[in-house]
Amino acid sequence: MKAMSEVGSGWEEPHAFHRICIRHLASNVNTRFRNVQVKNMFGSTAMQFQEKKFDIGFARLGEMDRDAQHYVADLNASQFVDISYTTGEHLASYASKFQPLKDEAYWGQYNGPRIVCDELKRRAKGSMEHRLQPGPVNPEVLTQQETHRSKAIWDGDDKGSLRCQTPGEEDLKGASLRIGWLTENFNGLPEQANEQVLHQYVRAYFLILMATVMFPDKSGNDIQVVYLPLLRDLTTIDDFSWGSDVLATIYRNLCRSSNMKARDIGGPLILLQLWAWERITIARAIVTSPENPPLIQGPYPLGSQHQLRVDSLGRRWLSVHRRRPQGTTITTLLGYRDVLDNMRPDQFIWQPYPQAIFSFLPEACYDDSGEWSVVSPMICFDIIEWHLPNRVARQFGWKQNIPEPANTEPKLHKMDKRGSHSRNWADYHSSYLAMWGRRTQFRFLGVEDNSDMGYNDPYMVWYRDRTRRFISPTFQQAYQAPLGATAYLAHGFAEVHRTCNTEIQAMPQEVPPHYHNIMSNIRDNTSQSLEHIGYSHLLQQFDQPTQETQVEEQHEERGDGSTRQESTEEDNETLQMFR
């Protein structure tokens with residue numbers, strides 16, 4: 001039942017059904033005979049591995065209810081067992097390493113999940129409960145999991161959100177310049193400024209742009225002066241590949257912030273935010289439809305203030321153009337992790353930039369689109385990050401195949417500019433610069449295919465074995481914070497359990513027995529569900545007597561007539577309701 005209830009596990013309907021589940025059969029027994037003890041005896045008997053213990057349980061079932069024993073004995077097993085499996089394979093289905101293999105005569109076209117035991121969901125040795133493991137099973141791609149932030153989150157050692165932009169104090173510190181000094185001294189262009197002064201202000205503007213948008217560090221208040229020589233000749237600024245520099249910077253900052261010891265994050269985070277809004281539809285802002293002029297229809301409105309062939313696509317996310325979607329209740333980090341763990345394929349947009357939108361944007365946004373698919377190193381002084389479009393072929397509308405192994409060269413990730421202010425990075429990375437110069441020779445070209453990938457597509461099988469499939473653990477300990485929607489449902493179940501328990505205790509003897517059984521079944525089912533998802537501690541919280549309950553008990557001990565009279569009236573109302 002746990003596996004079938006986990007979204008994305010491959011066990012959910014319509015690919016898998018509950019009819020062969022022992023608990024489902026036990027529920028049928030309870031529905032037919034209205035006896036929780038009979039249901040529990042059937043469940044415990046059916047789960048036995050030894051024939052002797054099964055016979056003992058089956059005999060006790062007959063002692064409790066002979067009709068129930070006959071009902072179970074007369075069950076037609078063929079309706080629960082696929083005829084393409086042998087009896088031996090069926091009997092082995094309770095073994096820990098069950099992986100059914102059909103006879104070839106019964107093989108057919110099938111693209112759904114294979115109902116086999118997932119390596120990530122096997123019962124831990126020596127453990128009495130299933131512990132969902134997030135992956136990866138094969139560490140050849142995600143190579144630094146022992147120090148990764150995702151491991152700390154899973155192990156309950158989450159440090160919370162990363163911080164950014166903590167202001168500094170000094171104007172010039174080492175190789176960094178305070179942004180405040182630039183804004184104070186280049187706040188407004190003087191009247192009758194000569195060309196030299198004009199160029200100084202242009203350089204100051206570019207430095208501020210680099211410090212706040214393109215290459216911001218974790219302080220958010222400094223800019224490294226290493227970029228200043230690039231602005232010496234303003235006529236050659238467009239010769240540099242600023243886009244690849246920015247992309248390499250955000251790659252490196254994401255890598256560093258993924259370490260479980262990281263507390264801060266730098267880099268062009270505004271671009272990361274835009275990337276997420278363009279592709280992930282969960283709880284994102286909605287761009288208001290353009291009113292004047294209607295530049296483009298459909299799912300890509302550009303906003304009413306968009307300047308044709310002047311503004312970039314990111315401008316449409318300005319607050320004046322967007323609004324918060326109705327019904328959005330996710331406001332916490334844990335809540336977002338929860339919805340990401342349960343994200344559906346249709347909630348991710350692989351191609352957010354359609355060809356039709358290019359005519360509304362400046363040429364700079366798509367002029368180098370021919371190089372979007374090159375396999376090449378991206379270089380920004382000390383930073384070397386690889387651009388590997390063959391690993392994200394679907395964002396180009398191509399079929400994603402199993403990629404060749406990629407060496408991301410971990411030694412490069414340990415390198416930074418600290419203590420290397422005099423180093424000539426062009427000489428130090430000359431081999432990578434040579435590869436960058438030949439980048440057009442290594443353009444990746446895929447096969448066009450925009451269809452959805454099946455569960456058993458070779459790439460999906462390869463990917464599931466090498467990725468981290470879950471952010472937060474499904475089973476939370478009592479001392480850990482609850483997660484998003486799962487927690488809300490768990491608290492609702494706990495409230496239902498408390499209400500049923502209260503009503504059962506207060507139920508008059510005149511109430512028909514089957515009403516008592518209905519309330520008991522609801523209470524027991526909620527209790528079992530909470531236990532299976534790791535929230536049974538909520539029942540312990542409800543079981544603790546409140547101050548109001550203690551006062552009522554004191555009234556009863558003193559024989560307070562008014563209290564008993566009110567209770568009698570409530571009992572009569574309850575009895576009348578059941579009648």
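Given the structure is predicted, the values throughout are model-derived calculations rather than measurements.

**Some words on the pairing of strand β7 (residues 383-387)**
(1) Moving on: In terms of burial, β7 is a largely internal element, four of the five residues being buried.
(2) Moving on: One ladder, built from five bridges, connects strand β6 (residues 376-380) with β7; its direction is antiparallel. From the neighbouring strand, I379 faces β7, where its bridge partner is I384.
(3) Moving on: Hairpin remark: β6 followed by β7, antiparallel, with two residues in the connecting loop; positive phi at F381, about 55°.

**Describing the nonpolar core**
(1) Moving on: Of all hydrophobic cores here, the largest spans 20 residues; its most connected members are M210, F215, I223, Y227 and W242.
(2) Moving on: Among the secondary structure elements, those contributing two or more residues to this core are α8 (179-185), α9 (195-214), α10 (242-257) and β6.
(3) Moving on: Counting residues per element, this core draws most heavily on α9, which supplies five residues.
(4) Moving on: Beyond its immediate stretch of four places on either side in the chain, F215 contacts M210, Y227, W242, D245, V246, T249 and C380.

**Observations concerning the packing of aromatic side chains**
(1) Moving on: Counted under the stated rule, the structure contains 19 aromatic pairs.
(2) Moving on: Where F54 meets F58, the ring centres are 6.0 Å apart and the plane angle is 10°; that geometry is what we call stacked. Remark: F58 and F54 occur in helix α4 (residues 51-64); sequence separation between them is four residues, near one turn of the helix.
(3) Moving on: Taking 5.0 Å as the distance between ring centres and 65° as the angle between the ring planes, the aromatic pair formed by F348 and W350 counts as edge-to-face.
(4) Moving on: Judged by its relative accessible area of 21%, F348 falls in the partly exposed class.
(5) Moving on: In this structure W350 comes out as partly exposed when scored by relative accessible area, which is 31%.

**Some details on a nonpolar patch on the surface**
(1) Moving on: On the surface, a cluster of nonpolar side chains totalling about 220 Å² of accessible area is made up of V213, I270 and L271.
(2) Moving on: Here L271 lies in helix α11 (residues 269-279).
(3) Moving on: Judged by relative accessible area, L271 falls into the partly exposed class, the value being 37%.

**What to know about α10**
(1) Moving on: The terminal C-alpha atoms of α10, which comprises 16 residues, lie 23 Å apart, in line with the 22 Å expected from a rise of 1.5 Å per residue.
(2) Moving on: The set of residues buried in α10 consists of W242, S244, D245, V246, A248, T249, I250, R252, N253 and S257.

**Comments concerning helix α12 (residues 333-341)**
(1) Moving on: Those residues of α12 lying buried are G335, R337, D338 and D341. Across the axial projection of α12, the buried residues extend over an arc of 160°, all falling on one side.

**Things to note about the side chain of N138**
(1) Moving on: One can find N138 in the loop between α6 (87-91) and α7 (149-154).
(2) Moving on: Aside from chain neighbours lying at most four places away, what touches N138 is D465 and R466.

**A look at the confidence of the model for the protein chain**
(1) Moving on: Mean pLDDT over the protein chain: 75, with 70% of residues reaching 70 or higher.
(2) Moving on: Scored below 50 in pLDDT, residues 165-169 makes nine contacts in the model with residues more than four places away or belonging to other chains.
(3) Moving on: Contacts of residues 570-579 to residues separated by more than four positions or lying in other chains number eight contacts, the stretch itself having pLDDT below 50.

**Observations regarding the pattern of salt bridges**
Side chains bearing opposite charge may pair, as long as their charged atoms lie close to each other.
(1) Moving on: Within this structure, the stated rule accounts for 12 salt bridges.
(2) Moving on: A salt bridge links R315 to D311; the shortest N-O distance between them is 2.9 Å.
(3) Moving on: With a relative accessible area of 28%, R315 lands in the partly exposed category.
(4) Moving on: Between D524 and R523 there is a salt bridge, with its nearest N and O atoms 3.5 Å apart.
(5) Moving on: With relative accessibility at 21%, the residue R523 sits in the partly exposed group.

About the thresholds
- Residues numbered from 1 in each chain as written.
- Predicted model: local features only at pLDDT ≥ 70, side-chain atom pairs only at ≥ 80, totals over all residues.
- Heavy atoms only, no water.
- Buried < 20%, exposed > 50% of the residue type's maximum accessible area, 1.4 Å probe, protein only.
- Helix = DSSP H or I, 4+ residues; strand = E, 2+ residues; numbered from the N terminus.
- Pairing = 2+ DSSP bridges.
- Core = buried A, V, L, I, M, F, W, Y, C linked by side-chain atoms within 4.5 Å.
- Contact = heavy atoms within 4.5 Å.
- Phe/Tyr/Trp six-rings, centres within 6.5 Å; stacked < 30°, edge-to-face > 60°.
- Patch = residues over 30% accessible without salt bridge, like charges linked within 9 Å, V, L, I, M, F, W, Y side chains within 5 Å.
- Areas by Shrake-Rupley, 256 points an atom, 1.4 Å probe, with all protein chains shown as cover.
- Salt bridge = Lys/Arg side-chain N within 4 Å of Asp/Glu carboxyl O.
- Expected span 1.5 Å × (residues − 1).
- Arc of directions from axis to C-beta.
- pLDDT = per-residue confidence, 0-100.

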